[in-house]
Amino acid sequence: MKVTGITIVRDAVRLDFPILEAVRSILPLVDEMIVNVGTSMDGTLRLLEDELDIPGVKIVERRWDDSIGGAMLAAETQVAIDMASGDWIVYVQADEVLHESSVDPLKEAMYRHLCNHSVEGLLVDFVHHYCTPDKVATSRRWYRREARVIRARAGVESFDEAQGFRVDQGRRKVRVCRTEAVYHHYGWSRPRAALATKRRLDYAIYGRRPPEAEAPILPWQYGIRSFRDSHPALMKDWIRDRRGTFAPIGRAQWDLDQVRLLASDLIEKCFRIRLWEYRNYVIL
């Protein structure tokens, strides 16, 4: 069994992505690693070349097409997918880190399903850190699971804004099996300056109207809770070096959307089901 790891990243330095930790977290799983680097002016390429000068790691610089908006992320992820030579492809985004306790379960699942071609992907659970690494977002607004391992050369393609995958040009959801693996998502738990820069870039890419100047970078929302479990060991230094720089959460403001999140949470706790959950996949 051969496994390829892939990721895409641009402007990792000024956006303060934990990209090195992300890549290193899946290296124990893969035989080759493909890093698609969008042309950056902040030293991202040099950082990756210096820190990931490891056999099997292939860094490719490309000029990404901003004119297609969020679809650019899926398009560049697909470039990396098409370069993969493994039986399985392990995908990690620049702000995601696989917990070290998940390496063996994910590897075992790839071996177990290698010859079962009805399984097109493997699910991982997500922990979404919000504001600081010590807090997590838990409402249904945040996806609980997503495919992060896909079968190579099976017609599985990056979908929408590269959150997940689909088959047959997006017409069919990918067929997956669950695993015990956990990804930690730090996209909304980065220093204030990095998140402010991200917000400006996002509104330019997606063509949306910028928020009011006084709007908090991280609005309050229902379901923010303390995180008391363990972070991936690779994130220890990254978190320590950024203490005191994280953006605060805005003032609590209840509206109809927040009430709906609360009601959905209560239904899930009572009946152990999450109604109308958005999924990019079908669980076998």
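See the structure printed just above.
Residues numbered from 1 in each chain as written. Predicted model: local features only at pLDDT ≥ 70, side-chain atom pairs only at ≥ 80, totals over all residues. Heavy atoms only, no water.

Q: Give me the lowdown on the overall build of the chain, citing residues and values where you can.
A: Scanning the chain for helices and strands turns up 7 helices and 14 strands. The C-alpha atoms of the chain give 19 Å as radius of gyration, which agrees with the globular expectation for 284 residues (19 Å, within 12%). In terms of overall dimensions, the chain has C-alpha extents of about 50 × 50 × 35 Å along its principal axes. The burial tally for the chain puts 50% of its 284 residues in the buried class. Relative to all contacts within the chain whose residues are 6 or more apart in sequence, the contacts with residues 24 or more apart total 80%. Summed over all atoms, the accessible surface of the chain reaches about 14,200 Å², with 51% contributed by carbon and sulfur. (Helix = DSSP H or I, 4+ residues; strand = E, 2+ residues; numbered from the N terminus. Rg over C-alpha atoms; globule rule 2.2 N^0.38 Å. Buried < 20%, exposed > 50% of the residue type's maximum accessible area, 1.4 Å probe, protein only. Contact = heavy atoms within 4.5 Å. Areas by Shrake-Rupley, 256 points an atom, 1.4 Å probe, with all protein chains shown as cover.)

Q: So what's going on with the pattern of salt bridges? Which residues, and what values?
A: Here the structure, examined in full by the defined rule, presents 22 salt bridges. In this structure, E108 and R112 form a salt bridge, with 2.2 Å as the shortest nitrogen-oxygen distance. Taken together, the positions of E108 and R112, both in helix α4 (residues 103–112) and 4 residues apart, correspond to about one turn of that helix. Exposure remark for E108: the relative accessible area of 41% places this residue in the partly exposed category. Residue classification places R112 among the partly exposed residues on the basis of a relative accessible area of 45%. A cluster of three or more residues bridged by salt bridges with shared partners is formed by R144, E268, R274, E277 and R279. (Salt bridge = Lys/Arg side-chain N within 4 Å of Asp/Glu carboxyl O.)

Q: Kindly report on helix α3 (residues 71–83), identifying the contributing residues and their values.
A: A rise of 1.5 Å per residue sets the reference length of α3, with its 13 residues, at 18 Å; its end C-alpha atoms lie 19 Å apart and thus fit the reference within 8%. Three or more residues of α3 are buried, namely M72, A74, E76, T77, Q78, A80 and I81. (Expected span 1.5 Å × (residues − 1).)

Q: Kindly report on helix α1 (residues 19–26), identifying the contributing residues and their values.
A: Here α1 lies mainly inside the structure; 7 of its 8 residues are buried. Taken together, the buried positions of α1 are I19, L20, E21, A22, V23, S25 and I26.

Q: Just give me the short version of a negative patch on the surface, but keep the residues and values in it.
A: Taken together, the side chains of E49, D50, D53 and E61 present a region of like negative charge at the surface. Tracing the chain through its elements places D50 in helix α2 (residues 44–51). (Patch = residues over 30% accessible without salt bridge, like charges linked within 9 Å, V, L, I, M, F, W, Y side chains within 5 Å. Lys, Arg positive; Asp, Glu negative; His and termini not counted. Charge placed at Lys NZ, Arg CZ, Asp CG, Glu CD.)

Q: Explain the packing of aromatic side chains to me, and be specific about the residues and the numbers.
A: Each aromatic ring pair is described using two quantities: the centre-to-centre distance and the angle formed by the ring planes. As enumerated under the stated definition, the model contains 7 aromatic pairs in all. Each ring, one from Y91 and one from F165, has its centre 5.6 Å from the other, and the planes form 75°; the classification is edge-to-face. With Y91 in strand β4 (residues 88–91) and F165 in strand β10 (residues 164–167), this residue pair connects regions lying 74 residues apart in the sequence. Its relative accessible area of 1% is what places F165 among the buried residues. Ring-pair connections join several aromatic residues into one group, and the members of that group are F126, Y143 and Y183. The ring of F159 has R166 lying over it, and the distance from NZ or CZ to the ring centre is 4.1 Å. (Phe/Tyr/Trp six-rings, centres within 6.5 Å; stacked < 30°, edge-to-face > 60°. Lys NZ or Arg CZ within 6 Å of the ring centre and 35° of its normal.)

Q: Pulling in residues and values, what's your account of the environment of P232?
A: You can see P232 is positioned in the loop between β13 (224–226) and α6 (236–241). Here the alpha-carbon distance between P232 and G5, two residues 227 residues apart in the chain, equals 18 Å. If near-sequence neighbours (up to four positions away) are discounted, P232 is found in contact with V97, L98, H99, E100, H184 and Y186.

Q: Describe the pairing of strand β7 (residues 132–137), with residues and values.
A: Inspection of the sheet shows strand β6 (residues 121–130) paired to β7 by 3 bridges, in the antiparallel sense. When the sheet's bridge partners are listed, H128 is paired in β7 with A137. Turn length for the β6-β7 hairpin, with the two strands adjacent in sequence and antiparallel, is 1 residue, and the turn residue C131 shows positive phi of about 75°. Of the pairings in the sheet, the one linking β7 to β13 comprises 3 bridges and is antiparallel in character. By the bridge assignment, A137 is partnered in β13 with I224. (Pairing = 2+ DSSP bridges.)

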